[in-house]
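Here is how the chains run, residue by residue.
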Amino acid sequence: MSEFDFDVAVLGGGSGGYAAARTAAGAGLKTAVIEGGKEIGGLCILRGCMPTKALLYAADVIHLARHAQTWGIRIPQIHFDFARVMARKNAMIQDFAHDRVQQLTNGKFKFMRATARFNDPHTVALSTGETLTANYFIISTGSVVSAPPLPSLQEAGYLTSDEALTLAKPPKSLIVLGGGAVAVEFAQFFARFDTQVTLIQRSGHILRDFDADAAAELEKVFRRDGMAVFTNTRLLDARRDGELKAVLFEHDGRTRRIAADEMLFALGRTPNTASLHLEKAGVTTEDGRIVTNAQMQTSAPNIYAAGDCTGPHEIVHIAIQQGEIAAHNISHPNQSRDMDYRLLVQVVFTDPQIGTVGLTEKEAKAGNIPYLAASYPFADHGKSLIMDAKDGFVKLLASPVTGEILGGCCVGPMGGELIHEVIAAMAKRMTVHELAAMPHYHPTLAEIWTYPAEELAEKIQRA
């Protein structure tokens, strides 16, 4: 009989935690999942991917309706019912969360509703007053909204992304602090539901982790659609101004003041690890983030981690892969697997959408990685002209020696879908020569990839 209650205990029942538990239980390990959140489902289902994308699709629909005259279609008046928009989102999330509850409670592993903190590397104390022991632990406790950089922001009052998803009506005006994916997606959603939006970003471009050409294209669209976008700023202060909320910030060498009905704080999230007492388990952290190796193992040999609590990428499919690899390495110690971020994918669900995979030009230059790049605009592409979706471009990066595709970027219509062609090509280590030779149906959006592929193929001699 084992000296421990469980072979594996997973802390957190979100996407990463569920993937880890499913994998561990499938390998025959006695597994428990401990979930301490108020709701079951995890960030992606409850307050992240699914609700925000449901709202953004509604924003796309109203935008198309308002521009129907482009295709000769007359819609005299466009109205929206914001409460129904939110109600549809809520109903969908309830269904998704119900499915996750069913997965967690189907008996394949023990599911426990409690918070946990470590007493030692093999023992956690639960909020129910019980203790639980396990031979191995997998920590997948997710993230929480980061603390504001200025105390005055708290005093002025702001919405988090969680709270923005529960509004009964759109504010008349909104200040968005931040320029990451969460910030730009919410900014465009509210702008398309008639909110006057001002976006304030610290770095020189929104989406600072993306190439500047991709960020600049989205900034152009935002400004053209009436959004005020300030980049390269420094936040100075925040305060209440009667019924309004105001911020002071430095921009172009002068102090500016903007006031709005609401303010959305979208300056990132922080690993949810503060209450775990990780020091008692011998788990090393950096600024709250759990440090792991490529096998997702922490500094404590019997403790692994997955998802937003460890990073380095806060993306749900990465969390799932990390959870699966952690559980695999526990159950198959002689056949260990490593996380490979070569095919890292990121999608921003704005209009135009932005999808990237693999190497960016910014990363290539920073790492002195040789590459050749070629791009092609949607404004000169048949299917996108039919759709009147002329913003953006596609771009490929390739090895100048072999022609192997190193990365891709799509800024444009269905960018999050189109990037998957490059993911498939890179998964099989295809060259630009092979992609250029691959048949593409005409007229489709996907055939746009052939243009940068052909340009690069002409430049790169076959090995």
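Residues numbered from 1 in each chain as written. Predicted model: local features only at pLDDT ≥ 70, side-chain atom pairs only at ≥ 80, totals over all residues. Heavy atoms only, no water.

Our next topic: the overall build of the protein. In terms of helices and strands, the protein carries 14 helices and 23 strands. Here the protein has a C-alpha radius of gyration of 24 Å; the compact-globule value for 463 residues is 23 Å, and the two agree. In terms of overall dimensions, the protein has a C-alpha envelope of 75 × 70 × 45 Å along the principal axes. Counting every position in the protein, which comprises 463 residues, the buried fraction comes to 51%. Taking contacts inside the protein between residues at least 6 apart in sequence as the whole, the part at least 24 apart equals 62%. Across the protein, the mean location of the 44 positive side-chain charges is 4 Å away from that of the 51 negative side-chain charges. (Helix = DSSP H or I, 4+ residues; strand = E, 2+ residues; numbered from the N terminus. Rg over C-alpha atoms; globule rule 2.2 N^0.38 Å. Buried < 20%, exposed > 50% of the residue type's maximum accessible area, 1.4 Å probe, protein only. Contact = heavy atoms within 4.5 Å. Lys, Arg positive; Asp, Glu negative; His and termini not counted. Charge placed at Lys NZ, Arg CZ, Asp CG, Glu CD.)

Let us look at the sheet that holds strand S19 (residues 345–348). Ordered in space as S19-S20-S23-S22-S21, the 5 strands form an open sheet in which the pairing is antiparallel. Because the sheet does not close on itself, it has two edges, and the strands there are S19 and strand S21 (372–377). On average, each strand axis in the sheet is inclined to that of its neighbour by 10 degrees, with strand direction left out of account. Sheet analysis places strand S20 (residues 353–358) next to strand S23 (residues 405–412), joined by 6 bridges and oriented antiparallel. (Pairing = 2+ DSSP bridges. Axes fitted to C-alpha atoms, helices over the stretch in contact; angles between N-to-C directions.)

Look at helix H3 (residues 49–66) against helix H4 (residues 82–104): their axes get within 9 Å of each other, and the N-to-C directions meet at 145 degrees. You can see that H3 and H4 cross each other, and the crossing is right-handed. Packed against H3, whose contacting residues are Met50, Pro51, Ala54, Leu55 and Ala58, the element H4 presents Val85, Met86, Lys89, Met92, Ile93 and Phe96 at the interface. (Left-handed = near helix turned anticlockwise from the far one by under 90°.)

Counting 38 residues, the largest nonpolar core has Phe190, Leu199, Ile206 and Leu207 as the members making the most contacts within it. Elements with a contribution of two residues or more to this core: H3, H4, strand S8 (173–177), helix H7 (181–192), strand S9 (196–200), helix H8 (212–224) and S23. With 6 residues, H7 is the single largest residue contributor to this core. Beyond its immediate sequence surroundings of up to four residues, Leu199 is in contact with Val176, Gly178, Gly179, Ala183, Val184, Ala187, Ile206, Phe222, Met227, Ala228, Val229 and Phe230. If you look at the next biggest cluster of nonpolar residues, it comprises 26 residues, including Ala374, Tyr376, Phe378 and Leu456. (Core = buried A, V, L, I, M, F, W, Y, C linked by side-chain atoms within 4.5 Å.)

The next subject is H7. Taking 1.5 Å of rise per residue, 12 residues should cover 16 Å, and H7 covers 17 Å from first to last C-alpha, within 8% of that figure. For H7, the complete set of buried residues consists of Ala183, Val184, Glu185, Phe186, Ala187, Gln188, Phe189, Phe190 and Arg192. (Expected span 1.5 Å × (residues − 1).)

This part is about the sheet that holds strand S14 (residues 262–265). Remark on secondary structure: sheet strands pair via backbone hydrogen bonds, oriented parallel or antiparallel. Strands sit in the order S10-S9-S8-S14 across an open sheet of 4 strands; the sheet is parallel. Looking at strand neighbours, the two that pair on one side only are strand S10 (228–230) and S14, the edges of this open sheet. Ignoring which end each strand starts from, the neighbouring axes of this sheet average 15 degrees apart. The pairing of S8 with S14 spans 4 bridges and is parallel. Within S14, the residue paired with Ile175 across the bridge is Met263. On the sheet, H7 packs against S8, S9 and S14 and is oriented at approximately 165 degrees with respect to S9.

With that settled, consider the side chain of Ser146. In this fold, Ser146 is placed in the loop between strand S7 (143–145) and helix H5 (151–156). There is a polar contact of 3.1 Å between the side chain of Ser146 and the backbone oxygen of Gly268. One polar contact links Ser146 to Thr270, side chain to side chain, over a distance of 2.8 Å. Apart from the residues within four sequence positions on either side, Ser146 is in contact with Phe265, Leu267, Gly268, Arg269 and Thr270. (Polar contact = N/O pair within 3.5 Å; in protein donor to acceptor, adjacent residues only side chain to side chain.)

A word on unusual backbone geometry. Glycine aside, negative phi is the norm for most residues, and most peptide bonds take the trans geometry. At the junction of Gly311 and Pro312, the peptide bond is cis and its omega measures out at 0 degrees in the coordinates. For Pro312, the position within the fold is in the loop between strand S18 (303–305) and helix H9 (316–331). Each neighbour pair has its own omega, and for His442 with Pro443 the value is -5 degrees, a cis peptide bond. For Pro443, the position within the fold is in the loop between helix H13 (432–437) and helix H14 (450–459). Its identity is not glycine, yet His277 carries a phi of approximately 55 degrees, on the positive side. Residue classification places His277 among the partly exposed positions, given a relative accessible area of 26%. The residue Arg429 is not glycine, and still its phi comes out positive at about 50 degrees. With respect to the helices, strands and loops of the structure, Arg429 is situated in the loop between helix H12 (415–427) and H13. You can call Arg429 partly exposed: its relative accessible area is 46%.

The values reported here are purely geometric and, on their own, carry no functional implication.
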